[in-house]
2 protein chains.
Amino acid sequence: MKARIFVTLKGGVLDPQGKAIHHALNGLGFDGVNDVRAGKLIELDLADDTNDADIDAMCQKLLANTVIENYRIEKVG
Amino acid sequence: MKARIFVTLKGGVLDPQGKAIHHALNGLGFDGVNDVRAGKLIELDLADDTNDADIDAMCQKLLANTVIENYRIEKVG
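What counts as what
Residues numbered from 1 in each chain as written. Chains lettered and ligands numbered in written order. Predicted model: local features only at pLDDT ≥ 70, side-chain atom pairs only at ≥ 80, totals over all residues. Heavy atoms only, no water. Helix = DSSP H or I, 4+ residues; strand = E, 2+ residues; numbered from the N terminus. Rg over C-alpha atoms; globule rule 2.2 N^0.38 Å. Buried < 20%, exposed > 50% of the residue type's maximum accessible area, 1.4 Å probe, protein only. Areas by Shrake-Rupley, 256 points an atom, 1.4 Å probe, with all protein chains shown as cover. Least-squares fit on C-alpha atoms with pLDDT ≥ 70 in both. Contact = heavy atoms within 4.5 Å. Polar contact = N/O pair within 3.5 Å; in protein donor to acceptor, adjacent residues only side chain to side chain. Pairing = 2+ DSSP bridges. Axes fitted to C-alpha atoms, helices over the stretch in contact; angles between N-to-C directions. Parallel < 35°, antiparallel > 145°, perpendicular 65-115°, else oblique. Nonpolar A, V, L, I, M, F, W, Y, C, P; charged D, E, K, R; others polar. Salt bridge = Lys/Arg side-chain N within 4 Å of Asp/Glu carboxyl O.

Focus: the overall build of chain A
Within chain A, the regular secondary structure consists of 2 helices and 3 strands. Across chain A, helices and strands are ordered from the amino to the carboxyl terminus as β-α-β-α-β. Taking 11 Å as the expected radius of gyration for a compact globule of 77 residues, we find that chain A reaches 16 Å, considerably beyond that expectation. Reported as C-alpha extents along the three principal axes, the dimensions of chain A are approximately 50 × 25 × 15 Å. When the 77 residues of chain A are sorted by exposure, 36% land in the buried category. Within the structure as shown, chain A displays about 4,200 Å² of accessible surface, and the carbon and sulfur contribution to it stands at 51%.

Dropping the structure here:
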């Protein structure tokens, strides 16, 4: 079973990486960019008997810093 | 208009970040993990008249290193 974890910064949290990407896009001549936020994508290949609570625990304990980040779990197949 | 860019390493490319996450998950007692791949998620807030070719050009020129990375564009609204 595969699962994708999408980790994004919470709303009010400063995102210097996103700011740098935004600045670089402007420098390349892409003017229509209002905002950029950078996040993480983690693809897990899991044993078929892994339950949802285990995946959630992985996010809580390691994959996301829940103080400043949100996460979303998408199971694939 | 919002767009999400998913950047993932191509198949044969070594992924030390994924390896480290895999190792840490094992250390925390999660045994059912076969493989972990780490990627990037970039959320763009774009002007409504931005066309698909522009978004693709952003990926080609800056957001993804197409020698070792694949990217996927998902437009939201």
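Digging into the relation of the copies chain B and chain A
With an RMSD of 0.0 Å, chain B superimposes on chain A once it is rotated by 180° and translated 0.0 Å along the axis. Classification of the inter-copy transformation places it as that of a two-fold axis. Among all residues of chain B, the minimum C-alpha distance to the rotation axis is found for Lys40(B), at 2.3 Å. Residue by residue, 97% of the interface of chain B is reproduced at the interface of chain A, so both copies engage with the same surface.

Considerations on the interface of chain B and chain A
Listed as interface residues are 32 residues of chain B and, on the opposing side, 32 residues of chain A. Where chain B packs against chain A, one counts 10 residue pairs in polar contact (both at pLDDT 80 or more). Elements that contribute at least two residues to the side of chain B that touches chain A include exactly strand E1 (2–9), helix H1 (16–27), strand E2 (33–46) and helix H2 (52–63) of chain B. Sorting elements by how many residues they give to the side of chain B that touches chain A places E2(B) first, with 14 residues.

Here's the deal with the sheet that holds E1(B)
If you walk across this open sheet you meet the 6 strands as E3(A)-E1(A)-E2(A)-E2(B)-E1(B)-E3(B), and the pairing is antiparallel. Of all the strands in the sheet, the pair left with one neighbour each is strand E3 (69–76) of chain A together with strand E3 (69–76) of chain B. Averaged over neighbouring strand pairs, the angle between their axes works out to 20° when direction is ignored. Here strand E1 (residues 2–9) of chain A pairs with strand E2 (residues 33–46) of chain A via 6 bridges, running antiparallel. Paired with Phe6(A) across the two strands is Leu41(A), which belongs to E2(A). Strand contacts of helix H1 (residues 16–27) of chain A: E2 of chain A together with E2 of chain B, with the helix running at about 125° to E2(A), the strand carrying the most contacts.

Concerning the pairing of E2(B)
A regular strand carries its side chains on alternate faces of the sheet. Relative to E2(B), E2(A) is paired through 13 bridges, and the arrangement is antiparallel. Bridge pairing in E2(B) links Lys40(A) to Lys40(B).

Let's talk about the packing of H1(A) against H2(B)
Relative to each other, H1(A) and H2(B) sit at 110°, their axes nearing to 11 Å. Put simply, H1(A) runs roughly perpendicular to H2(B). Seen from H1(A), the contacting residues are Ile21(A), Ala24(A) and Leu25(A); seen from H2(B), they are Met58(B), Leu62(B) and Leu63(B). In the contact of H1(A) with H2(B), the residues fall into 6 nonpolar, no polar and no charged.

Some details on the environment of Gly11(A)
In this fold, Gly11(A) is placed in the loop between E1 and H1. Each C-alpha atom of the pair Gly11(A) and Glu74(A) lies 21 Å from the other, and the pair is 63 residues apart in sequence.

So, the pattern of salt bridges
Residues and elements named next belong to chain A. Across all of its chains, the model carries 10 salt bridges over all chains by this definition. Aspartate 52 is the partner of lysine 75 in a salt bridge, and the nearest nitrogen-oxygen pair spans 2.6 Å. With lysine 75 in strand E3 and aspartate 52 in helix H2 (residues 52–63), this residue pair connects regions lying 23 residues apart in the sequence. Several salt bridges share partner residues, and in doing so they unite Arg4, Glu43, Arg72 and Glu74 into one network.

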